[in-house]
Amino acid sequence: MKLLRGKSLLDDPAQNKSTAFSREERNQFGLRGLLPYKVTDIKTQQERALGNLRRKSSDIEKYIFLNSLLERNQRLFYRTMIDHLDEIMPLVYTPTVGEACKQFAHIYRKPQGFYINPEDRGEIASILDNWYETDVRIVVVTDGERILGLGDLGANGMGISIGKTALYVACGGIHPTQCLPVMLDVGTNNQTLREDLLYLGCPHPRLTEHAYLSLVDEFVQAIQTKFPNALIQFEDFQSQNAFDLLDRYRKQVRCFNDDIQGTAAVTLAGIYTSSRITRKSFTDLKIMLLGTGSAATGIAELMMPAFCAAGLSEDVARSRISFVDRQGLVVSSREHFKPRIRPFAHDHASVNFLEAIESIQPDVLIGATGVAGAFSETAIRKMAQFNERPVIIALSNPTSHTECTAEEAYRWTDGRAIFASGSPFPSFRLGEKLFKPAQGNNAYIFPGVGLGVIASRARLITDSMFLIAARVLANMVLPEEIEVGAIYPSLSRIRSVSHAIAVAICQVAQQEGLVDDALPQDLTTYVRTLMYEPNY
Ligand SMILES: NC(=O)C1=CN([C@@H]2O[C@H](COP(=O)(O)OP(=O)(O)OC[C@H]3O[C@@H](n4cnc5c(N)ncnc54)[C@H](O)[C@@H]3O)[C@@H](O)[C@H]2O)C=CC1
Ligand SMILES: CC(=O)C(=O)O
Ligand SMILES: [Mg+2]
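Predicted model only: the values in this text are computed from it and were never measured.

Before going further, it helps to spend a moment on the sheet that holds strand β4 (residues 231–234). Reading across the sheet, the 5 strands line up as β1-β3-β2-β4-β5 and stay open at both edges, with parallel pairing between neighbours. Of all the strands in the sheet, the pair left with one neighbour each is β1 (114–116) and β5 (255–257). Within the sheet, the average angular offset between the axes of one strand and its neighbour, ignoring direction, is 20 degrees. As paired elements, β4 and β5 share 3 bridges and run parallel to each other. Across the sheet, F234 pairs through a bridge with N257, a residue of β5. Lying over the sheet, helix α14 (residues 258–278) contacts β4 and β5, oriented at roughly 75 degrees with respect to β5.

So, on to the site of ligand 1. Among the 26 residues in the neighbourhood of ligand 1, the closest are listed as R146, T263, A295, G440 and N442. Residue T292 places a main-chain N or O atom 3.1 Å away from an oxygen atom belonging to ligand 1. Within the backbone of G293, an N or O atom sits 3.2 Å from an oxygen atom of ligand 1. For ligand 1, the accessible surface in isolation is 860 Å², of which the surrounding protein chains cover 87%.

Our focus in this paragraph is the UniProt feature "domain: Malic enzyme NAD-binding" (unreviewed entry) in the chain. Following the UniProt record, one finds the feature "domain: Malic enzyme NAD-binding" (unreviewed entry) at residues 260–510. Here residues 260–510 is 45% helix and 12% strand, with 24 Å between the C-alpha atoms at its ends.

Now for the domain arrangement of the chain. What the domain assignment lists for the chain is domain 1 (6–90), domain 2 (91–253) and domain 3 (264–443). One C-alpha centre belongs to domain 1, the other to domain 3, and the line joining them spans 42 Å.

Within this structure, the stated rule accounts for 18 aromatic pairs. Seen from their ring centres, F77 and Y78 are 4.8 Å apart, and the 80 degrees between their planes marks the pair as edge-to-face. Judged by its relative accessible area of 4%, F77 is buried. Their ring planes at 15 degrees and their centres at 6.0 Å tell us that F234 and Y249 sit as a pair that is stacked. Separated by 15 residues along the polypeptide, F234 in strand β4 and Y249 in helix α13 (residues 239–249) bring together distant segments of the chain. There is no split in this pair, since F234 and Y249 are both buried. One aromatic cluster is present, formed by Y410, F419, F425, F428 and F435 through successive ring pairs. A cation sits over an aromatic face here: R23 above Y37, 4.4 Å from the ring centre.

What counts, and where the lines are drawn
Residues numbered from 1 in each chain as written. Chains lettered and ligands numbered in written order. Predicted model: local features only at pLDDT ≥ 70, side-chain atom pairs only at ≥ 80, totals over all residues. Heavy atoms only, no water. Pairing = 2+ DSSP bridges. Helix = DSSP H or I, 4+ residues; strand = E, 2+ residues; numbered from the N terminus. Axes fitted to C-alpha atoms, helices over the stretch in contact; angles between N-to-C directions. Contact = heavy atoms within 4.5 Å. Near = heavy atom within 4 Å. Polar contact = N/O pair within 3.5 Å; in protein donor to acceptor, adjacent residues only side chain to side chain. Areas by Shrake-Rupley, 256 points an atom, 1.4 Å probe, with all protein chains shown as cover. UniProt positions renumbered as here; feature names shortened; annotations may be inferred. Domains from an automatic or database assignment. Phe/Tyr/Trp six-rings, centres within 6.5 Å; stacked < 30°, edge-to-face > 60°. Buried < 20%, exposed > 50% of the residue type's maximum accessible area, 1.4 Å probe, protein only. Lys NZ or Arg CZ within 6 Å of the ring centre and 35° of its normal.

Written as C-alpha cells, this is what we have:
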C-alpha cells in the first residue's frame, strides 16, 4: 500500500482513520492541524456515524449517507455494517438498493466500480489497466437488464454490482481491494431512461446477438488475462442471456450466475430446514414454483441432484417439482415450452394456479415472478388447508415486488406459515405470538462461495459447490431458530455461515480435482485467516 501523508491520507478511504489517528500518527504523517483535538476510537466514530444515519428521514438518504461514508472511511463503514447488519444490510442491499438503482443517475456523486461500453470493443483488456487495484478476486458484473424485479435499468444497474460487492466484504470477509463491481453497459431498452437528461449510460437500444455476445466474450477474456485469479459473478442478466452466458463459460472459466445458482442454493437450504420444522421427510416433499425464469429454473435444476442424492430416482424427483407460469400449470400437452422447463411438464390437465395448488397439494410454494401480490389470499389459504405448516417462500425483490408480505402469509394461515422472503420484513405480532420472518436471499450463499473459491483457487465453480453450500447453510440453523419457525440462521451469524460454506467449498474443490496447489490441512483456521476484519 502506498504511504500517504496529509490531505491525501485523509482523502484515501482505505487508509483514512480520520479522528482516530493517534498523536504520533498525526505527527508522523503531516496531519497536525488538519484534525480536531480529540483522538477517538472506532467505536466512538461508529456512534457518530449511526447517529447521523438515524437522523436521515428516508432510506434513500440513508443509502446516500452510507455510500459517502464508504467513500470517506472504508474501515469505519464496514465495521459499522458488520456490527449492525440487521439495520444496515437493508439500506445497502435489498430493498433500498432497488430504489438506489432506479435513482442512480440522479443521486450519482462519485465514480465507483468499472464501466465498459461498446466503444471499448477491442480495448477492454487495456482499459482494465486503469483499475487501480491489482489483486482482483471477485468480479460482480451486470448488464442491468433485469435489476431485481425492476426490469431494465440500463447503466443504473451498477448499483446492484456495488451492493453485492459490499456484501462480499461485510458478509464474506473478502478484502475490499479484491472486489470489482462492473457495469457492462450495452445500452438500454428503457425509453424513459434514454430520454432522461441525467441518465449516465449509453443512451441507445441494447446490443443483441453477435454484437452483444462478442462484447461479453471480450470482457470475460480480458478478465482472464488481467485478473487470472478472479471469479466472475453474473448478476441480474435477463433470463435467456443468464442461461446462455452460464452455459457458454462455466466449463472454461471460474464463474457462476448468482440468480440461477446462488438463489437455488439458498432456497434448497430453506427447504431442507423446513422439513426439520414440519417433520416431513425431505424425499416426500412436493415443490411448486411460480415463475419459469432464472431463479425458478435454477431451483428446479438444483432440487434434482438434491432429491437424487437423498435416494429418489430422477423420474420421481422430477415428479415432485411443478412449475406454474402465467398460463397455469406447465403440463405436457402444451405446444410450446422453454427447453429447460419441458422436463418438468407433467401429464396433468391444464389448470390455473389455484387449481394446480388444489390438485397437486404442494408442501412448499415458491414465488420467483417479480410480481407483487402473485400469491393471492386464496392461494395461501389453500396451501393452509392441507398443510399444517405450509412453507411459503416469496423470493421476489425488492419488497414492493414480493409475492406476498410476511404479514399476509401469517394472517392467511392463522400464523401457521413457515415464511421467508427475498427482502426483509420486520417482526410481526399476531395475537400473543411474535413472528420473525426469515430472509431467503442468495446473500447467504454467494459471499461464502466466493470466499471458498478464493481460498481454494478452484479453477471452476460446480453445482456440487452449491449443493454443499445449501446443506451447510441448512445445518447452521439452530434448534432455537427451528423452534420459532425460522428456516435461515440469524443474519448476525452470516460471517460464520460464509466461513463454514467456504471451508466446505474448499473440500469439494479438492475432491473434484479443481485445485492445483495442496491446501492447508486445517481448512477452518486457514479460511478464517483470510477473512477481512475491518479495524484500525
Ligand atoms: N431472494 C433472492 O435471493 C432472489 C430473488 N430474485 C427475485 O426473483 C424475481 C425473479 O427473478 P428471475 O427469475 O431472475 O426473473 P425472470 O425474469 O427470469 O423470471 C420471472 C418469471 O416470472 C414469470 N411471471 C411473471 N409474472 C407471473 C405470474 N403472475 N404468474 C406466473 N409467472 C409469472 C415470468 O414469465 C418469468 O418466467 C425477481 O424479483 C428477483 O428479484 C432473484 C434472484 C435471487
Ligand atoms: C437477490 C437477487 O439476486 C435478486 O433479487 O436478483
Ligand atoms: Mg440478482
